[in-house]
Structures are given as C-alpha cells and as structure tokens.
Amino acid sequence: MAELTWTPEAERWLRDIHDYITQDNPAAATRTVETLYRKVEILREFPESGYRYWQRPDRHIRILLHGHYRIAYVIKTSGAIDILGVFHGALNIDRYLL
C-alpha cells in the first residue's frame, strides 16, 4: 500500500471547497469532503488510477476524477503519493500545476 500525504495546499483547497458549499448546505459540504477523502484512499492500492497529466510528461502527476472535481497528485519515485490539490472542473488547473 502506498503512503498518502496531503500537501498543505491540497488541504487548503479542500477547506475552501467545504467553506463554499457550507454557505448553502452544510450537510452537503461535509458529504462532499468525505467522499473526496474516500476517493483519494483508493490510490493507496491503485496509485495509477488517475489519468496522466499531459502538461508534465517528465513528472508522474496524475488526475483522479470525482464528480465535478479533479484531484491532482504526484507519485514519487519511492512510490509514496502526494495529493497536490482538489480543483473544481471549471478551474483551469494548468495555472496551478505548471
């Protein structure tokens, strides 16, 4: 099983998503964050589940899709995984990952 680490930036993105949704529906905000965490957990056993990020073929950055969200992560040479961010599908993640 791969070791998973959430970067401080990824945790901030997740908090921002939660805070935004909470304005209209606190229960939905909690469900959204919980399902995103559960989705990320599959990477422990299946680290290459996401598609390879085409902008950076020199790094092992991948994108895992979940609903309206894209979860960016990197597979390190050690096999450990860093979660880089959670982005709404409407955002241009190129400006955050390049």
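What counts and how
Residues numbered from 1 in each chain as written. Predicted model: local features only at pLDDT ≥ 70, side-chain atom pairs only at ≥ 80, totals over all residues. Heavy atoms only, no water. Helix = DSSP H or I, 4+ residues; strand = E, 2+ residues; numbered from the N terminus. Rg over C-alpha atoms; globule rule 2.2 N^0.38 Å. Buried < 20%, exposed > 50% of the residue type's maximum accessible area, 1.4 Å probe, protein only. Contact = heavy atoms within 4.5 Å. Salt bridge = Lys/Arg side-chain N within 4 Å of Asp/Glu carboxyl O. Pairing = 2+ DSSP bridges. Phe/Tyr/Trp six-rings, centres within 6.5 Å; stacked < 30°, edge-to-face > 60°.

### Some remarks on the overall build of the chain
1) Next: When its secondary structure is counted, the chain shows three helices and five strands.
2) Next: Across the chain, helices and strands are ordered from the amino to the carboxyl terminus as β-α-α-β-β-β-β-α.
3) Next: Over its C-alpha atoms the chain spans a radius of gyration of 13 Å, differing by no more than 12% from the 13 Å that the globule rule assigns to 98 residues.
4) Next: Dimensions of the chain, computed from C-alpha atoms along their principal axes, come out at roughly 40 × 30 × 20 Å.
5) Next: Relative to its full complement of 98 residues, the chain shows a buried share of 40%.
6) Next: Contacts spanning at least 24 positions in sequence make up 45% of the contacts within the chain whose residues lie at least 6 apart.

### A closer look at the pattern of salt bridges
1) Next: Taken as a whole and assessed by the stated rule, the structure comprises three salt bridges.
2) Next: In this structure, D16 and R12 form a salt bridge, with 3.6 Å as the shortest nitrogen-oxygen distance. Highlighted residues: D16 and R12, both in helix α1 (residues 8-22), separated by four residues, approximately one helical turn.
3) Next: On the basis of relative accessibility, which here comes to 36%, the residue R12 falls in the partly exposed class.
4) Next: For the salt bridge of E41 with R44, the shortest nitrogen-to-oxygen distance reads 2.6 Å.
5) Next: The partly exposed category is assigned to R44, whose relative accessible area is 26%.

### Side note on the pairing of strand β4 (residues 69-75)
1) Next: Buried residues dominate β4, accounting for seven of its seven residues.
2) Next: Residues Y69, I71, Y73 and I75 line one face of β4 and the alternating positions R70, A72 and V74 line the opposite face, and both faces are buried.
3) Next: Relative to β4, strand β3 (residues 61-66) runs antiparallel, the two being bridged by six bridges. The residue of β4 that forms the bridge with R62 is Y73.
4) Next: Relative to strand β5 (residues 81-88), β4 runs antiparallel, the two sharing seven bridges. Each residue of the ladder has a partner; that of I71, found in β5, is V86.
5) Next: Linking two consecutive strands that pair antiparallel, namely β4 and β5, is a turn of five residues; a positive phi of about 95 degrees is found at G79 within it.

### Section: the packing of aromatic side chains
1) Next: On inspection of all chains with the given rule, the structure shows two aromatic pairs.
2) Next: Plain terms: the ring middles of W6 and Y37 are 4.8 Å apart, the flat faces sit at 55 degrees to each other, and that makes the pair tilted. Of this pair, W6 sits in strand β1 (residues 4-6) while Y37 sits in helix α2 (residues 26-41), and the two are 31 residues apart along the sequence.
3) Next: Judged by relative accessible area, Y37 falls into the partly exposed class, the value being 37%.

Honestly, that's just the spatial picture; any functional story needs more than this.
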